[in-house]
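# Structural features, examined
Here is how the chains run, residue by residue.
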Amino acid sequence: FLAKVSVTIKGSFGSGRQLDEKASFRLNLDAYVPGQRLRGLEHITLNNLVADASLVHEAVGYDLFREADVPAARTAYALVYLNGVYRGVYLHLDSFDDQFLKRWFDDPDGNLYEGEYGADVTKNNRGSMEKDEQGSNDVEDRSDINGLTYFLSQPPSEDLMPEFEALVDLDRSLKMMAGEVAIAQWDGYYYAANNYRIYHNPTHDQWTLIPSGLDLSFGSGRSIHDGDSQIAAWCLAVPSCLERFDFALWEMAERLQNRDVAQMTADTTDLILPWYVLDTYTENSPSEM
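To start, this report covers the structure provided alongside it. Please read all numbers here as calculations on a predicted model, not as lab measurements.

### Things to note about the overall build of the protein
When helices and strands are counted, the protein shows nine helices and nine strands. Taking 2.2 N^0.38 as the reference for a compact globule, 289 residues should give roughly 19 Å; the C-alpha atoms of the protein span a radius of gyration of 19 Å, in line with that estimate. Counting only C-alpha atoms and orienting by the principal axes, one finds that the protein spans roughly 60 × 45 × 30 Å. Evaluated residue by residue, the protein yields a buried proportion of 49% over its 289 residues. Considering only contacts in the protein between residues 6 or more positions apart, those separated by 24 or more positions represent 66%. For the protein, the exposed area adds up to about 13300 Å²; of that, 51% sits on carbon and sulfur atoms. In the protein, 23 side chains carry a positive charge and 47 a negative one; their mean positions are 6 Å apart.

As structure tokens, then:
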């Protein structure tokens, strides 16, 4: 058993629920006991799956990103009890903390920002971006994100592409945005400047986009070149960058097509259905699943 930990309700628009409903939870394991870990984890994030009747959208989407070397959460299903009361089937996924950064970056001590509800990397919106992690090797005054927004405020051009590529990890970031298109993530960064993180690697002075909040993926699709977030729009306006995005989109679409999603879904159903039918807090049903 762990000593005292912090448990908070997480989520807001769409999936936010109160304690008498199917609330999502975030556990901070070292809030009261410094250095306390559970199998190496500092935090535990438990998503309630209320917005995804299939229960598999997040697991499939994050799996696709990880396979393509895009920094993304690992996932597992969890049976959650609160004070001895069964609360149902949840998705346990990596929290965006320094443990996550250590798994994906050679320098994990940079600043990690969260963008949601239109908080894009623009001069007008950068102030609404929250820090998930303050890097010990990075600045505290937001001059890093200010520098990125200043660059992106310049008119896109081929002449600025070398500077753009030096500033943004294009290989990973283009695959991240292309992956959102491939899984019809209309509520992500590419289309909506929502549900994403962006990490500044201070060693390379380079930014990487990170997907999050995939519960509404595999939804309504939009034009593949309809991205209007700042980084997407900048890239799509430059022919050489647009070409690289199209190659990334082709790669991510092929990766998705080559995955046996039907079998993944069947395996997941076999795994969790006996527990799902006992979930009195769920807002969906096995038939909807």
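Having put the structure on the table, let's press on.
### Looking at the sheet that holds strand E3 (residues 43-47)
One open sheet accounts for five strands, arranged E1-E2-E3-E5-E4; its pairing is antiparallel. Of all the strands in the sheet, the pair left with one neighbour each is strand E1 (6-10) and strand E4 (75-82). Put simply, the sheet's adjacent strands are angled 30° from each other on average, direction ignored. With eight bridges connecting them, E4 and strand E5 (residues 85-93) associate as antiparallel partners. Bridged to Leu79 within E5 is Val89. Those strands touched by helix H1 (residues 57-67) are E3, E4 and E5, and its axis lies near 140° from that of E4. In the packing of helix H9 (residues 261-276) onto the sheet, the strands contacted are E4 and E5, and the crossing angle to E4 comes to about 10°.

Procedures and definitions
- Residues numbered from 1 in each chain as written.
- Predicted model: local features only at pLDDT ≥ 70, side-chain atom pairs only at ≥ 80, totals over all residues.
- Heavy atoms only, no water.
- Helix = DSSP H or I, 4+ residues; strand = E, 2+ residues; numbered from the N terminus.
- Rg over C-alpha atoms; globule rule 2.2 N^0.38 Å.
- Buried < 20%, exposed > 50% of the residue type's maximum accessible area, 1.4 Å probe, protein only.
- Contact = heavy atoms within 4.5 Å.
- Areas by Shrake-Rupley, 256 points an atom, 1.4 Å probe, with all protein chains shown as cover.
- Lys, Arg positive; Asp, Glu negative; His and termini not counted.
- Charge placed at Lys NZ, Arg CZ, Asp CG, Glu CD.
- Pairing = 2+ DSSP bridges.
- Axes fitted to C-alpha atoms, helices over the stretch in contact; angles between N-to-C directions.

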